[in-house]
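Spelled out, the chains give:
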Amino acid sequence: MIPVPRIFITGSADGLGRAAAGVLIGEGHHVVLHARSRERAAALSDLAPAAAGVVIADLSSAAETRDLAGQVNQIGRMDTVIHNAGIFLEPSRAATADGHATTLAVNTLAPYLLTALIGRPDRLIYLSSGLHHAAAGSLRDIDWTERSWNAAQAYAESKLHVTALALTLARAWPDVLSNAVDPGWVPTKMGGPTATGDLEMGYLTQTWLAVSNDAAATVSGGYWYHRQRQLPSAQARDPAFQDQLMDRLAALTGVALF
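Residues numbered from 1 in each chain as written. Predicted model: local features only at pLDDT ≥ 70, side-chain atom pairs only at ≥ 80, totals over all residues. Heavy atoms only, no water.

**Things to note about the sheet that holds strand S1 (residues 6-9)**
Sheets are built from strands that pair by backbone hydrogen bonding, the pairs being arranged parallel or antiparallel. Put simply, the test is: Two strands make a pair as long as DSSP finds a minimum of two bridges between them. Labels follow the DSSP assignment, with helices taken as runs of H or I lasting at least four residues and strands as runs of E lasting at least two, numbered in each case from the N terminus. For helices, the axis comes from a line fit to the C-alpha atoms of the stretch in contact; other axes are also lines fit to C-alpha atoms, and the angle between any two N-to-C directions lies between 0 and 180 degrees. Note on definitions: a residue-residue contact is assigned when non-hydrogen atoms from the two residues lie within 4.5 Å.
Read from one edge of the open sheet, 8 strands run S3-S2-S1-S4-S5-S6-S7-S8, paired in mixed fashion. At either margin of the open sheet sits one strand with a lone partner, and together these are strand S3 (53-56) and strand S8 (228-230). Pairs of neighbouring strands in the sheet enclose a mean axial angle of 25 degrees, with direction left out of account. With 5 bridges joining them, strand S5 (residues 123-127) and strand S6 (residues 177-181) adopt parallel strand pairing. Each bridged residue has a counterpart across the sheet, and for Ile125 the counterpart in S6 is Asn179. Contacts from helix H5 (residues 151-172) reach S5, S6 and strand S7 (223-225) within the one sheet, and its direction differs from that of S5 by about 165 degrees.

As structure tokens, then:
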């Protein structure tokens, strides 16, 4: 009997994460769903009965994120982890309980922590954005403690971070397929109703990279848009920047990935 892949998707209560989960469950895969709160988990009532589990944690909290990794590890080893959860334009720096900018905490620190603490899967997928190209800059004030808050810039930087994280892991963990996906500007709650991108291709790229055995999908270190490889920013590809970023994230979380 061929084992069925077990896949964990963060932020699967709505949007792209939920759509990807629905497709993968429909294909017969064992999918572990994630919601930020019990209230949000109620929105998964249609998918939950066929899922391999539902885990709950607010990714703006380091303690809850660590606990989430424990919940996932208890379910068993994941074949694929899709780091889909994210927040878009936060009106202010809005510090978390740990004192971090919420955008940094949810979009950068949480996927970093979960990568470090969840048992190593065969495949890792990180949701990026074409906006990461607008994020060139140093890592000196990564947590926005000195600069005046700029929501769009903070979001773009967070997506540069996860793109660089995906490429770092492709370099450091040759036994893992690690890729970043730009879903495009799609009409989800985050993207808004006027978004013009192809929603279906936005999530089908994730599901394809998560489980497909196509030669095209079983690669590592890619940055994908609608199942086509694209070139991420030069900074995301720069090993020196990647190493500096890993050092900063280790310092901010107290957890070293390597």
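**Section: the pattern of salt bridges**
Test applied: The working definition used for a salt bridge is a side-chain nitrogen of Lys or Arg within 4 Å of a carboxyl oxygen of Asp or Glu. Burial classification: accessible surface area is computed with a 1.4 Å probe over protein chains only, and a residue below 20% of its type maximum counts as buried, one above 50% as exposed, and the rest as partly exposed.
Considering all chains together, one arrives at 10 salt bridges under this definition. Measuring nitrogen to oxygen at the nearest pair gives 2.5 Å for the salt bridge that ties Arg18 to Asp46. You can see Arg18 sitting in helix H1 (residues 15-26) and its partner Asp46 sitting in the loop between helix H2 (38-41) and S3, a full 28 residues away along the chain. Linking Asp143 and Arg93 is a salt bridge whose minimum nitrogen-to-oxygen distance equals 3.4 Å. In this pair, Asp143 is assigned in the loop between S5 and H5 and Arg93 in the loop between strand S4 (80-83) and helix H4 (102-117), connecting sequence segments 50 residues apart. Neither Asp143 nor Arg93 differs from the other in exposure class; each is buried. One network of salt bridges, with partners in common, ties together Arg77, Asp79 and Asp122.

**Digging into unusual backbone geometry**
Note: most residues except glycine have negative phi, and most peptide bonds are trans. Located in the positive-phi region is Ala94, a residue other than glycine, with phi close to 40 degrees. Secondary-structure assignment places Ala94 in the loop between S4 and H4. The exposure class of Ala94 is partly exposed, given its relative accessible area of 35%. For His226, which is not glycine, the phi torsion reads 50 degrees and is therefore positive. With respect to the helices and strands, the residue His226 is situated in the loop between S7 and S8.

**Here's the deal with the pairing of S6**
Convention followed: The path from the first strand over the helix to the second decides the hand: if it runs clockwise while the strands point away from the viewer, the crossover is right-handed.
Most of S6 is tucked away: 4 of the 5 residues are buried. Taken together, S5, H5 and S6 form a β-α-β motif whose crossover is right-handed. The sheet contact formed by S6 and S7 spans 2 bridges and is parallel. Note that in S7 the partner of Ala180 across the bridge is Tyr223.

**Looking at the side chain of Thr80**
Take Thr80: it is sitting in strand S4. If we ignore the near neighbours within four places in the chain, the residues touching Thr80 are Arg6, Ile7, Phe8, Pro121, Arg123, Ile125 and Ala210.

**Examining helix H3 (residues 62-75)**
The condition is simple: Expected helix span is computed as 1.5 Å times (number of residues minus one). The directions considered for the arc are those from the helix axis to the C-beta atoms. We call two N or O atoms a polar contact when they sit within 3.5 Å, provided that within protein one can donate a hydrogen and the other can accept it, with sequence-adjacent residues counted only if both atoms are side-chain atoms.
For H3, built from 14 residues, the straight-helix expectation of 20 Å at 1.5 Å per residue is met to within 8% by its first-to-last C-alpha distance of 20 Å. Residues of H3 that are buried: Thr65, Leu68, Ala69 and Val72. Projected down its long axis, H3 carries its buried residues within an arc of 100 degrees, all on one side. In this structure, H3 carries Ala63 and Gln74 as exposed residues pointing more than 90 degrees from its buried face. Elements that come into contact with the buried residues of H3 comprise S1, strand S2 (30-35), S3 and H4. Looking at where H3 begins, the residue whose side-chain oxygen comes 3.3 Å from the main-chain nitrogen of Ala63 is Ser61. Count one or two residues on from H3 and you reach Gly76, which has phi positive near 140 degrees.

**Thoughts on the pairing of S4**
Because side chains alternate across S4, one face comprises the buried residues Thr80 and Ile82, and the other comprises Val81 and His83, equally buried. Strand direction decides the pairing type here: S1 and S4, joined by 3 bridges, are parallel. By the bridge assignment for S4, Ile9 is matched with Ile82. In the sheet, S4 pairs with S5 via 4 bridges, with the strands oriented parallel. Residue pairing in the sheet places Thr80 in a bridge with Arg123 of S5. Between the parallel pair S4 and S5, the chain is carried across by H4, and the sense of this crossover is right-handed.

Nothing here speaks to function; it is all geometry.
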